Amino acid sequence: MSEQYSDASRAATDDDDIFAGPGDEKGDHAYLANGGDWDQVVEAQRERSDETIVINVGPQHPSTHGVMRLVMEMDGETIISLRPSIGFLHTGIEKSAEYRSWSQGSVFFTRCNYVAGIFNEAAYSLAVDKLLGITDKMPRRGNQLRVMAMEANRIASHITAVGATGLDLGATSVQEVALRERERTLDFLEAVTGLRMNNAYIRPGGVEDDLPEDGLDLLDELIRQLRKNVPEIGQYTLTNPIFVRRNKGVAHMSLASAVMMGASGPVLRSAGYPWDLRKMEPYCGYENYDFEVCTADSFDSYGRFVIRLNEIEQSLRILEQVRDELAESKGEPYRIEDADLSWPSDLTVASDGQGNSNEHVKHIMGESMEGLIHHFKIVSQGFHVPAGEVYMAVEAPAGELGMHLVSDGGTRPYRAHLRDPGFNHVQSLPLLCEGGMLSDAVMAISSIDPVMGGVDR
């Protein structure tokens, strides 16, 4: 916690009432972060007998979940005001994507959320599918693989969130169990997509590749292990009176406030409102699966934690149904059969890692000039998307994740903007924290599960 203010850091000018001292007519003291020891801050505070002090929480403190800075005005241990300061991680992914081809978009947007990146890929790809007019032409196996990847990623994301909640309270055993189960999920995703994170698996027109030969066996084992071990997290937490008291009644936000702030996901559903895009505005065939929308009526951090545990159970229910469907659709197409949409490759794993097979290289380099030309044009230029504008939203682990795309008919987006739920939730922190204790702010941050890659796009 960066609480480093010193007597030497105070400034006062006649031109700026922000920095006017108590003897001036323009305002009160202000303390600037300029280094120094905490003892100096305490001594300076004692000399002036001020009741209020301004501190920074983050961006280096682990309870802020990354590079997030909260400027808090404190009266003792009570938070009088809180101002989120975002932008420390800003990578300009949205603007960068506008200078790349449509086929490269998944690679960019998956990096906006390094915990639940597959949902970013899904929102982007579904939006491109709409612009191309191929949504209804998607092979059923393509939709099944998309749902499988998303629900496995939802489990990994929720496990990360509940583990971090325990760690923020000092309950390291909760985090250890959560990390163990997250590793199982990431191992499965790596076997399917080739990568643990930043997968770029869901692409416009379908998915990048089919299941490996042992894919269904790996999925069966994942479901079996998670059903056996995930309940341990609830046993660690929901039966622990310290954990319960530190979360119940903390970070309260009413339904009216949640709607006003544009909250979604577990934050909105903790206020009792059963809004889930998988049910309300289905996509990828979610209307065909039997699962429940998890809600709570506690309006607090505890309710959001319980919702995430329950949603892991619902995701497992969906995975079991997807597993049966994938067994039936084995051998069917997993993407739109269009040469312009498919990445021109025949990937294989050789001694030098993953790359194009010798047969593919031989074909385009020595057998077919047309194959070489097509390979070059698709890789360097990509495909054209009809002019238009679209917004597509999916139910990500944190809430509504929306993709707004504008096409001018070219081979790259004219405008690309991501609506990440974490951005809205971070802006709601003043409502969750003001009037509460400093220690409760840590739980408020955990309860909204912010990933700053999505907030600072």
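What you see is a predicted model; the values in this text were computed from it and never measured.

**Q** What should I look at first to understand the confidence of the model for the protein in this one?
**A** For any part of a model where pLDDT is low, the fine detail of the predicted coordinates should not be relied upon. Per-residue confidence for the protein gives a mean pLDDT of 82; residues scoring 70 or more make up 82%. Note on residues 1–27: pLDDT is under 50 here. Beyond four places in sequence and across chains, it has 65 contacts.

**Q** Mind showing me how you'd approach the pattern of salt bridges here?
**A** Pairing is possible between side chains that carry opposite charge, provided their charged atoms lie close to one another. For the structure shown, the criterion picks out 22 salt bridges. Here Arg203 ties to Glu208 by a salt bridge, and the two come within 3.4 Å at their closest N and O atoms. According to the relative accessible area criterion, Glu208 is partly exposed, its value standing at 21%.

**Q** Is there a simple way to explain the sheet that holds strand β8 (residues 388–396) in this structure?
**A** Sheets are built from strands paired through backbone hydrogen bonds, the pairs being either parallel or antiparallel. Pairing within the open sheet is antiparallel, and its three strands lie in the order β8-β9-β10. If you trace the sheet from one side to the other, it starts and ends with β8 and β10 (415–419), each paired once. Strand-to-strand, the axes of this sheet are offset by a mean angle of 10 degrees, without reference to chain direction. Sheet topology note: the β8/strand β9 (residues 399–407) ladder contains nine bridges and is antiparallel. Bridge pairing in β9 places Ala396 opposite Gly399. Packing of helix α4 (residues 117–132) onto the sheet brings it into contact with β8, β9 and β10, and relative to β8 it is tilted by some 145 degrees.

**Q** Any chance you could explain the packing of helix α5 (residues 140–168) against helix α18 (residues 438–448) here in plain terms?
**A** Any two packed helices are characterised by the angle at which their axes cross and by the distance between the axes. At a closest axis distance of 9 Å, the pairing of α5 and α18 adopts a crossing angle of 175 degrees. Classified by the interaxial angle, the pair formed by α5 and α18 is roughly antiparallel. Counted together, Ala164, Thr165 and Asp168 of α5 and Val442, Met443 and Ser446 of α18 form the full contact between these two elements. Looking at the contact of α5 with α18, its residues break down into three nonpolar, two polar and one charged.

**Q** What's the story with α4 in this structure? I'm lost.
**A** In an α-helix, one turn spans 3.6 residues; hence positions three or four apart end up facing the same way. For α4, which comprises 16 residues, the first-to-last C-alpha distance of 23 Å matches the rise-based estimate of 22 Å (1.5 Å per residue) to within 8%. Burial runs high along α4: 14 of the 16 residues are buried. Gly133, located one to two residues past α4, shows a positive phi value of around 75 degrees.

**Q** Teacher, can you tell me more about the sheet that holds strand β1 (residues 53–57) here?
**A** Read across the sheet, three strands follow the order β1-β2-β3 without closing on themselves; strand pairing throughout is antiparallel. Of all strands in the sheet, those with a lone pairing partner are β1 and β3 (78–85), marking the two edges. Between one strand and the next, the sheet's axes are offset by a mean angle of 25 degrees, whatever the strand orientation. Bridge count between strand β2 (residues 69–75) and β3: seven bridges; the pairing is antiparallel. Within β3, the residue paired with Arg69 across the bridge is Ser85. Of the strands in this sheet, β1, β2 and β3 touch α18, which is tilted by about 150 degrees from β2.

The rules behind each value
- Residues numbered from 1 in each chain as written.
- Predicted model: local features only at pLDDT ≥ 70, side-chain atom pairs only at ≥ 80, totals over all residues.
- Heavy atoms only, no water.
- pLDDT = per-residue confidence, 0-100.
- Contact = heavy atoms within 4.5 Å.
- Salt bridge = Lys/Arg side-chain N within 4 Å of Asp/Glu carboxyl O.
- Buried < 20%, exposed > 50% of the residue type's maximum accessible area, 1.4 Å probe, protein only.
- Pairing = 2+ DSSP bridges.
- Helix = DSSP H or I, 4+ residues; strand = E, 2+ residues; numbered from the N terminus.
- Axes fitted to C-alpha atoms, helices over the stretch in contact; angles between N-to-C directions.
- Parallel < 35°, antiparallel > 145°, perpendicular 65-115°, else oblique.
- Nonpolar A, V, L, I, M, F, W, Y, C, P; charged D, E, K, R; others polar.
- Expected span 1.5 Å × (residues − 1).

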